[in-house]
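Results of the structural survey
Now for the letters of each chain:
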Amino acid sequence: MKKSVLSKLISYSMCIMLLTGCGAATSISIPSAEQPPQEQPDIMGALQIGATSSPEAIGSSEDAASPGSGDSSEAADSLGVAGQTEGTGQSTASDDAPGISAPTAAPDPTPEPTPEPTPFVPLRDNTPYCPIPTAPGTVTYGNDVTTIDASNLEQGYIMANYTGTCPKVKLQVIGPNSHTCTYNLNTAQFQAIPLTAGDGRYTVTVNENIQGKEYSVSYEVNLDVSMTDPFSPYLSPSSYVNYDTDTLAVELAAELCETASSDLECVSAIYNYIIENVEYDYDKAGQITSGALSSYIADIDATLENGKGICLDYAALMACMLRTQHIPTRLEVGYASLAYHAWVSVYLTDVGWVNGIVEFDGSSWNLMDPTYAASNSEEEVREFIGDGSNYSVRYIY
């Protein structure tokens, strides 16, 4: 019996020695033979601290709860304090432990992640682009009443004038694809005539009126054209889109596009301005329909100042404003259903020519034709220009 008791005492002694070498585990009380074992509070916390604390923390725990004290709850409390300071590299003893002071500084808060910077989107250059057509006389053709200045074929236009006595004169341009455009040539001043059929051979004729709708050819010339920029005819003033650097619409376009970051935003700004500020002129439309007003040419600034116009006024105004913002724009004349009509098409980078449509809402394009989009009575507009369906292009200016 004595040998059995002695064996148990030796076993307990060896366990105490082993537990003493495990740091925080020294705070666990070993029950004696006469004393029943007490519940160990927060034993998993104590083991976790013992496994993760530094050697200095182990020594602090031993000072806070001396071996053999028999008070396991006080030892567990000291381990709990050490657990609250885990991550600082130090353990904290209880208030009663001599020589140990609790840290006064709280750990630095975790910094918030730095937000990603907003990508910089540069604004487009809204400086007005306004090349003025000239007739330098370097290359000319003609007769005693007609002059065709072909000095600027590479820029996509010719200059023409007529000094004869015929009251009705028309200049006709037939392009390499047989595309034909006709202009009134009734003044002695030079007029800019765009070459809108691309590179190739053009035939230019000057035609004098004989009677009614009959004309005779007064002069004819063939021109071989090779342009440096195929968009040149749609970026310059011409007879039907007539403007210069002093035109009010040029300055207004620059203001509207000041905050635009793309050509599409610029087109939208100009388009929306026109349809919101220009009304359809029913009186003028009636005069043209009745024949009281013939050979009509749009006055761009008058349309802007009066806030009224017909389809040709809308189209010329929009073409002027877009061209001066370096956006190629075609003024197109033809038929909308059975009505003679005018509208515009634009060229957008990475999209190409956008015919009769402009605004993209993420899924579909909206009709560009500014006449239909303006705040007019739909039924009244249809009386003059049809319903906007079945567009058929006849002339491109």
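Residues numbered from 1 in each chain as written. Predicted model: local features only at pLDDT ≥ 70, side-chain atom pairs only at ≥ 80, totals over all residues. Heavy atoms only, no water.

**Focus: the packing of helix α5 (residues 248–256) against helix α9 (residues 311–323)**
Helix-helix packing is characterised by the crossing angle of the two axes and by the distance between the axes. Where α5 contacts α9, the axes come no closer than 8 Å and their chain directions differ by 60 degrees. In terms of orientation, α5 lies oblique with respect to α9. Along this stretch, α5 crosses α9, giving a crossing that reads as right-handed. Across from Ala249, Val250, Leu252, Ala253 and Leu256 in α5, the residues of α9 making contact are Leu317, Cys320 and Met321. Partitioned by chemical class, the residues of the contact of α5 with α9 number 8 nonpolar, no polar and no charged. (Axes fitted to C-alpha atoms, helices over the stretch in contact; angles between N-to-C directions. Helix = DSSP H or I, 4+ residues; strand = E, 2+ residues; numbered from the N terminus. Parallel < 35°, antiparallel > 145°, perpendicular 65-115°, else oblique. Left-handed = near helix turned anticlockwise from the far one by under 90°. Contact = heavy atoms within 4.5 Å. Nonpolar A, V, L, I, M, F, W, Y, C, P; charged D, E, K, R; others polar.)

**A short note on the sheet that holds strand β3 (residues 157–162)**
Here 4 strands make up an open sheet; going across it, the order is β1-β2-β3-β6 and the pairing antiparallel. Strands with a single pairing partner mark the edges of an open sheet, and in this sheet they are β1 (140–142) and β6 (191–194). Neighbour to neighbour, the strand axes of the sheet diverge by 25 degrees on average, direction disregarded. In the sheet, strand β2 (residues 146–149) pairs with β3 via 4 bridges, with the strands oriented antiparallel. When the bridges of β3 are listed, Thr146 appears paired with Tyr162. (Pairing = 2+ DSSP bridges.)

**A few points about the pattern of salt bridges**
Under the criterion given, the structure shown has 4 salt bridges. We note a salt bridge from Asp313 to Lys284, for which the minimum N-O separation is 3.2 Å. Of the two residues, Asp313 sits in helix α9 while Lys284 sits in helix α7 (residues 282–290), which places them 29 residues apart along the sequence. Residue Asp313 is classed as buried on the basis of its relative accessible area of 0%. (Salt bridge = Lys/Arg side-chain N within 4 Å of Asp/Glu carboxyl O. Buried < 20%, exposed > 50% of the residue type's maximum accessible area, 1.4 Å probe, protein only.)

**Some remarks on the pairing of β6**
Side chains on a regular strand alternate between the two faces of the sheet. Neither face of β6 is exposed, since Gln191 and Ile193 on one face and Ala192 and Pro194 on the opposite face are all buried. Bridge count for β3 against β6 is 4 bridges, and the pairing is antiparallel. Of the residues in β6, the one forming a bridge with Met159 is Ala192.

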